[in-house]
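Commentary on secondary and tertiary structure
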Amino acid sequence: MAVAKKITINDVALAAGVSVSTVSLVLSGKGRISPATGQRVNDAVEQLGFVRNRQAASLRGGQSGVIGLIVRDLTSPFYAELTAGLTEALEAQGRMVFLLHGGREAGQLVQRLEMLLTQGVDGVIIAGASGVSSELCERAAEKGIPLVFASRASYLDEADTLRPDNMQAAQMLTEHLIRRGHQRIAWLGGKSSSLTRAERVGGYCATLLKYGLPFHSEWVVECESSQKKAAEAMGTLLRHNPTLSAVICYNETIAMGAWFGLIRAGRQSGESGVGTFFDQQIGLGAFADVAENALDDLPIVWATTPAREMGYQLADRIMQRIEKTELPMGHHIFPARLVATS
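Residues numbered from 1 in each chain as written. Predicted model: local features only at pLDDT ≥ 70, side-chain atom pairs only at ≥ 80, totals over all residues. Heavy atoms only, no water.

**Considerations on the overall build of the protein chain**
Within the protein chain, the regular secondary structure consists of 12 helices and 12 strands. In the protein chain, the proportion of contacts linking residues at least 24 apart, taken out of those at least 6 apart, comes to 70%. Total accessible area computed for the protein chain in this model is approximately 16500 Å², and 51% of it derives from carbon and sulfur atoms. (Helix = DSSP H or I, 4+ residues; strand = E, 2+ residues; numbered from the N terminus. Contact = heavy atoms within 4.5 Å. Areas by Shrake-Rupley, 256 points an atom, 1.4 Å probe, with all protein chains shown as cover.)

**Some details on the packing of helix α10 (residues 227-240) against helix α11 (residues 252-265)**
Packing of α10 against α11 leaves a shortest axis separation of 7 Å and a crossing angle of 50°. Relative to α11, the element α10 is oriented oblique. Helix-helix and strand crossings are classified by hand; for α10 and α11 the assignment is right-handed. Judged by residue contacts, Q227, A230, A231, M234 and L238 of α10 engage T253, I254, M256, G257, A258, F260, G261, L262, R264 and A265 from α11. Here the contact of α10 with α11 is built from residues that sort into 10 nonpolar, four polar and one charged. (Axes fitted to C-alpha atoms, helices over the stretch in contact; angles between N-to-C directions. Parallel < 35°, antiparallel > 145°, perpendicular 65-115°, else oblique. Left-handed = near helix turned anticlockwise from the far one by under 90°. Nonpolar A, V, L, I, M, F, W, Y, C, P; charged D, E, K, R; others polar.)

**With respect to the pattern of salt bridges**
Under the criterion given, the structure shown has 10 salt bridges. Across the salt bridge formed by D160 and R321, the nearest N and O atoms sit 2.8 Å from each other. Placement of D160 in the loop between β4 (147-150) and β5 (161-164) and of R321 in helix α12 (residues 307-323) is noted, with a sequence separation of 161 residues between them. The two residues D160 and R321 agree in class, both being buried. Via salt bridges that share partners, E81, E88 and R308 belong to a single interconnected network. (Salt bridge = Lys/Arg side-chain N within 4 Å of Asp/Glu carboxyl O. Buried < 20%, exposed > 50% of the residue type's maximum accessible area, 1.4 Å probe, protein only.)

**Some thoughts on the sheet that holds strand β7 (residues 220-221)**
Paired through backbone hydrogen bonds, the strands of a sheet run either parallel or antiparallel to each other. Here we have six strands laid out as an open sheet, ordered β7-β6-β8-β9-β10-β12, and mixed in their pairing. Of all the strands in the sheet, the pair left with one neighbour each is β7 and β12 (337-340). The strands that helix α8 (residues 166-179) touches are β6 (185-188), β8 (246-249), β9 (283-288), β10 (300-304) and β12; relative to β9, the one it contacts most, it runs at about 165°. Packed onto the sheet, α11 meets β6, β8, β9 and β10 and runs at close to 160° relative to β9. (Pairing = 2+ DSSP bridges.)

**Things to note about the packing of aromatic side chains**
Within this structure, the stated rule accounts for four aromatic pairs. Ring centres of W187 and F287 lie 5.7 Å apart, and the angle between their planes is 45°; this geometry places the pair in the tilted category. A residue pair is termed long-range when its members are at least 10 positions apart, and W187 in strand β6 and F287 in strand β9 qualify at 100 residues. The class for W187 is buried, based on a relative accessible area of 0%. Connected via pairs of aromatic rings, a cluster forms that spans W187, Y204, F215 and F287. (Phe/Tyr/Trp six-rings, centres within 6.5 Å; stacked < 30°, edge-to-face > 60°.)

**Side note on the environment of V45**
Structurally, V45 is set in helix α3 (residues 35-48). Residue classification places V45 among the buried residues on the basis of a relative accessible area of 17%. Along the chain, V45 and L27 lie 18 residues apart, while their C-alpha atoms are 9.5 Å from each other. Those residues in contact with V45, other than ones at most four positions away along the chain, are V12, L27 and F50.

**Details of α10**
Compared with an ideal rise of 1.5 Å per residue, which puts 14 residues at 20 Å, α10 spans 20 Å between its outermost C-alpha atoms and is within 8% of the ideal. Buried residues of α10: A230, A231, A233, M234, G235, L237 and L238, and no others. Here the buried face of α10 lies against β6, β7, β8, α11 and β9. (Expected span 1.5 Å × (residues − 1).)

**As for the pairing of β8**
Side chains of β8 alternate between two faces, with A246 and I248 and V247 and C249 buried alike. Pairing geometry for β6 and β8, over four bridges, is parallel. Bridge pairing links W187 to I248 in β8. Inspection of the sheet shows β8 paired to β9 by four bridges, in the parallel sense. Counterpart to I248 in the pairing with β9 is G285.

What follows is the structure, encoded as structure tokens:
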């Protein structure tokens, strides 16, 4: 069975009796092309069944208008917010976002990058930690395509990156609880393998030491992001350490579970001060990876990460790199802010 020949931009130029650059100008809508010439090109496109691709649009050295985005975890609230902000900002500039799911395997990420590079994108953004960042940077550099990384933690030294300041967020949250009178503060949630958690726990511990407050390793409890598991872990933590006055939660899911655990234990969270430990309400602080308007109206103090705002800045950064190819790489860190929902 014969395979149909793929129609190329050269075929269109030959059929219309014009140069390839003229066809490219007509397809991109740029340049001064006479109506008659434009009509000939469009007629040839229709007759031949030519399917325009982004590489054809960039034949004359111009831009395709497409930015590639690889997200390693599309289920993460943080990366969902970041993607929303990035897409909104780029579309406002007339750009299109080509979104791919990167997956957990390093090899998958490399394959996704290769796919974007062959599509003729103007730049690529990788959202999520990567163990093959140097290989990705080298491959993009070979093609002359700007590459920017966005992540929840610091893991790259020689790359263009944007990330939140996890240690500062933890310091701010812990200090807020201390100023509310809490002196025995525990930690709940996250896995020890998480770099984001490590940075947050580091800020929490440093702040306790700064104020000369006690710290015990059994006060730092791992827990998967499940309300049920968090509620159970909170109950266990309080049974073993009944004099705790506050708990910092790794994320909003853990915080909600902790809240239910406190209700079950009869120690409903609040910010009403500190009395005897039997009467005391446990203070809750937590990190939020969702938008502020999506936070539950509970007596929890949140350290919010501006993921959507990071998306806006990410759009600006990739556009700067596209327009100024010699722009030096940089590290951009976003501070957190405190939000009390009740």
